[in-house]
Amino acid sequence: MWFERIGQLTEWPERVCLGWDCLIVLRSSLRAALPNEGCALLLGTAHSVNPRTWWVQQIWPCCNVWRPGLEALPELPEAVPTRRNRFALDPREQLHAQRWARERGLQVLGTAHSHPGGQPRPSDQDQRWMVQPGLMLIMGKDARVEAWWIAAGAATRLPLVHTHGNDG
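First, a word on scope: everything that follows refers to the structure included in this document.

Read across the sheet, eight strands follow the order β7-β6-β5-β4-β2-β3-β1-β8 without closing on themselves; strand pairing throughout is mixed. Both outer strands of the open sheet, β7 (154-158) and β8 (160-163), are each paired with one neighbouring strand and no more. Put simply, the sheet's adjacent strands are angled 35° from each other on average, direction ignored. On top of the sheet, helix α1 (residues 20-32) reaches β1 (15-19), β2 (39-46), β3 (53-62), β4 (107-114), β5 (134-139), β6 (145-151) and β8; it is set at about 35° to β3, its chief contact. Taken strand by strand, helix α2 (residues 91-103) contacts β2, β3 and β4, and its axis lies near 130° from that of β3.

With that settled, consider the pairing of β2. Counting buried positions along β2 gives seven out of eight residues, so the element sits mostly inside the fold. Bridging between β2 and β3 involves eight bridges; their strand directions are antiparallel. Residue pairing across strands places L42 opposite I59, the latter belonging to β3. What sits between β2 and β3 in their antiparallel hairpin is a turn of six residues.

Geometrically, the link from L34 to P35 is a cis peptide bond, its omega value of 10° lying close to zero. Located in the positive-phi region is A143, a residue other than glycine, with phi close to 70°. Looking at the element boundaries, A143 is found in the loop between β5 and β6. Take A143: its relative accessible area is 10%, and that puts it in the buried class.

This paragraph deals with the environment of L135. Considering the arrangement of structural elements, one finds L135 in strand β5. With 15 residues separating them in the primary sequence, L135 and I150 have C-alpha atoms 6.5 Å apart.

Enumeration according to the criterion identifies six salt bridges in this entry. Here E103 and R104 are joined by a salt bridge, their closest N and O atoms 3.4 Å apart. Assessed through its relative accessible area of 44%, R104 is described here as partly exposed. The residue E146 makes a salt bridge to R157 at a minimum N-O spacing of 3.4 Å. Of this pair, E146 sits in strand β6 while R157 sits in strand β7, and the two are eleven residues apart along the sequence.

Cut-off values and rules
- Residues numbered from 1 in each chain as written.
- Predicted model: local features only at pLDDT ≥ 70, side-chain atom pairs only at ≥ 80, totals over all residues.
- Heavy atoms only, no water.
- Pairing = 2+ DSSP bridges.
- Helix = DSSP H or I, 4+ residues; strand = E, 2+ residues; numbered from the N terminus.
- Axes fitted to C-alpha atoms, helices over the stretch in contact; angles between N-to-C directions.
- Contact = heavy atoms within 4.5 Å.
- Buried < 20%, exposed > 50% of the residue type's maximum accessible area, 1.4 Å probe, protein only.
- Salt bridge = Lys/Arg side-chain N within 4 Å of Asp/Glu carboxyl O.

This is how it looks when you write it as structure tokens:
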């Protein structure tokens, strides 16, 4: 679930802007994975006036490649993990997204995934697996999407502002 941030984003955002068009793509791509967790990368930039406002301009849908025993992703002994409650991004898709974004002046801002049977907040597992601080959008079973900053095993909810387009 880690990602390499390309560019100069060094501070975590105060808020995240997401156009209605991106929200539609995000919800559609995450629903397409049902009953499993869906996942995607968030591409965009820091706002030109306020760099602590991150502007998601593109959704990069990804395949959930989670499988039992996936290296470097430890499970609790009592866990019964499946793709219905776990996700992993394909590293090759991450590289393609980073290259595509860079060519268009965008950056990989973070990840998104769904909790098909739950709430739009990070699970304990989401927080444990986030090895670097980062932005995560989560869609719950009711299609509500929330933004989170996850760092050092703790999650902070961020304001998620819906815009009418790619105007941040």
